[in-house]
Structures are given as structure tokens and as C-alpha cells.
Amino acid sequence: MQLYEKQLNEQFEAYIADDNKIEPKDWMPDAYRKTLIRQISQHAHSEVVGMLPEGNWITRAPSLKRKAILLAKVQDEAGHGLYLYSACETLGVEREDLVKDLLSGKAKYSSIFNYPTLTWADIGAIGWLVDGAAIMNQVPLCRCSYGPYARAMVRVCKEESFHQRQGYTIMMELMNGTDDQKAMAQDALNRWWWPSLMMFGPSDKDSKHSAQSMRWKIKRFSNDELRQRMVDMTVPQAELIGLKMPDPDLKWNEEKGGYDFGEIDWEEFYQVIDGNGPCNKDRLETRNKAHDDGTWVRDAALAYAEKQKLKRA
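Below: a short report on this structure. Quick caveat: nothing in here was measured; it's all calculated off a predicted structure.

1. Overview of the overall build of the protein chain
Helix and strand counts for the protein chain stand at 13 helices and two strands. Relative to the 2.2 N^0.38 estimate, which gives 20 Å for 313 residues, the radius of gyration of the protein chain is 21 Å and therefore close to what a compact globule would have. In terms of overall dimensions, the protein chain has C-alpha extents of about 70 × 55 × 35 Å along its principal axes. Within the protein chain, buried positions represent 48% of all 313 residues. The long-range fraction of contacts in the protein chain, counting pairs at least 24 apart against all pairs at least 6 apart in sequence, stands at 77%. Summed over its atoms, the accessible surface of the protein chain is roughly 16400 Å², and 55% of this surface lies on carbon and sulfur atoms. Counting 42 positive and 47 negative side-chain charges, the protein chain places the averaged centre of each group 6 Å from the other.

2. So, the nonpolar core
General note: in soluble globular proteins, nonpolar side chains tend to be found buried as a group. Formed by 79 residues in total, the largest nonpolar core has its most connected members in Tyr 32, Ile 40, Tyr 146, Tyr 149, Trp 192 and Leu 243. Leaving out residues up to four positions away in the same chain, Ile 40 has contacts with Leu 84, Ala 87, Cys 88, Leu 91, Tyr 146 and Tyr 149.

Definitions and cut-offs
- Residues numbered from 1 in each chain as written.
- Predicted model: local features only at pLDDT ≥ 70, side-chain atom pairs only at ≥ 80, totals over all residues.
- Heavy atoms only, no water.
- Helix = DSSP H or I, 4+ residues; strand = E, 2+ residues; numbered from the N terminus.
- Rg over C-alpha atoms; globule rule 2.2 N^0.38 Å.
- Buried < 20%, exposed > 50% of the residue type's maximum accessible area, 1.4 Å probe, protein only.
- Contact = heavy atoms within 4.5 Å.
- Areas by Shrake-Rupley, 256 points an atom, 1.4 Å probe, with all protein chains shown as cover.
- Lys, Arg positive; Asp, Glu negative; His and termini not counted.
- Charge placed at Lys NZ, Arg CZ, Asp CG, Glu CD.
- Core = buried A, V, L, I, M, F, W, Y, C linked by side-chain atoms within 4.5 Å.

Given below as C-alpha cells:
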């Protein structure tokens, strides 16, 4: 049995090395399956919890147009969560169990969503920076070795591109406005910049999963490579509209063809991950309340499905 499993592992590794896609019914090592369940479920949870910071601005958006755009964006995030939960289910887990893990606080989601949205400019910063970081992370996932995850990411990335553009447009309009509006945009950048860089995860030397995920081609670039790309992409965008990056150590490095930047506050990162961020408690309470309030909808849907099943019998 051990020899047979060794042969299966060797075939699996060779199949992955040739850039082939693993499908749900294909043999895969338990560690590969567990890694995917962890990553995809965390991604799904992040999309669902990610609706909360922006959702409370839907009724406070400055115009009907902005309200409609933000509503569409939040709806997109809900859809992304559904795609990703479906992809996760192909690995043999139940969606109900994944949701229970989120509601209980057992499951992780992106640390960025545990920060408050204090002003309308925060909605711009989230679209520009947070969705920009998401795109940087997720475009390579379209080439992930696991087929269902890769295919889900194609549509997700198209919609995230719209999200980033709407966020940058908000920041651009604020920077073309009054002095107060410009100050509001700068303040939002100051508060969201460093948490956005934390979205890429721990530094490569401290990451527990990055190297193995890259070997299996679940991810194609390391955390630090993606973080560097984010900095190099964002700095010229900020300069174009007159924003100043909140990093005194930021400078262009001609030799590497990219920016050197300051040290991330990793203590803050791990505190938020461990549940001690500004909004961790509030996010879980809100999600639990929404889940409880929606019980009657789920019950009604199940009752209707059962009724239709009996009719067809």
C-alpha cells in the first residue's frame, strides 16, 4: 500500500509539474486537499465578511449613482463567496460546516476587514487598495493547479477589476475637490496603506504555507513578490492624483527596478489575525446576527424545495 501511494504521489507531482489541472475526481494527496480547503474557505469567508465594511455606507453614499455602484459591488462580493464555497465543496467538505467555522470564530479571513470605514474616502481606499491587492493575489490564481478554483477566479478577477476602478475614481474625484475632501482622501490612504500590504500574508521567511503552495502551483508567486508588485503599481497611481504615500522610507531602487519601502508592523498584523483588531468582535457579531435573521429564509427555501420534490414524485 505504501509503495502504491508513493507511486501515486510521484505521478501527482509530475502531473502538477507539467502545468496540468487537478479535478475533483482525480487522486490527490491529503495534504494538497487540506491546503486547498484552508485557502479556498478563507478566501470565501473573506468575500463574505468583506461586504460588511462597505455595506454600512450604502445608505450614506453621497449620490444615487454612487449608492447603486456600491450596492452592485457588495452584491458581487456575495457572489464571489458563493463561487468559492462551491469550489470548496468539490473537495468533499460541507458548506454548512465551513459557515459554522466562520461564525464560531474558528476560521480565518483576511485581516484587512477588521478595520473600520470612518469616512466615504475609506470606500475609495478599499476599492483602490484592498481590491487592488486582491487582484494582485488573485490573477495568478486563474492558473492555480486546482481546476474549480482556477475557473472561479476568472470571473472573480474580472469583477474585482471593476471594483478597483471605482475605488480609484472616488479617490481621484476627492483629490479634485475641496481642501477638506483632499484631506479626507489622504487620511484614508494613511490608514489603509499598511493593512493593505499586510493582505499578502507574513514575510516569506515566516510563512508556513507559501513554499509548499508554490511547489504545488496553487499559488505562483511568494507573499513578498506580490507585495513588491503592489507597491510598485500603487505609488505612481498615488502620485498621479496628488496623494502622498505614508512611508518615509519609500524610495526608488534603480538596481532592482522597484521601490524600497518601510518595515510592516508585524505585531499589529498578528494581533489582528489573533482576533484583537479594531473590528474583529463586531464583524463576527454582525455575521452571526445576519445568519440568525436569515433562518426563516433558509427554512422557507428548503420547505419549497421539498414541496416541489413531492409534486414531481
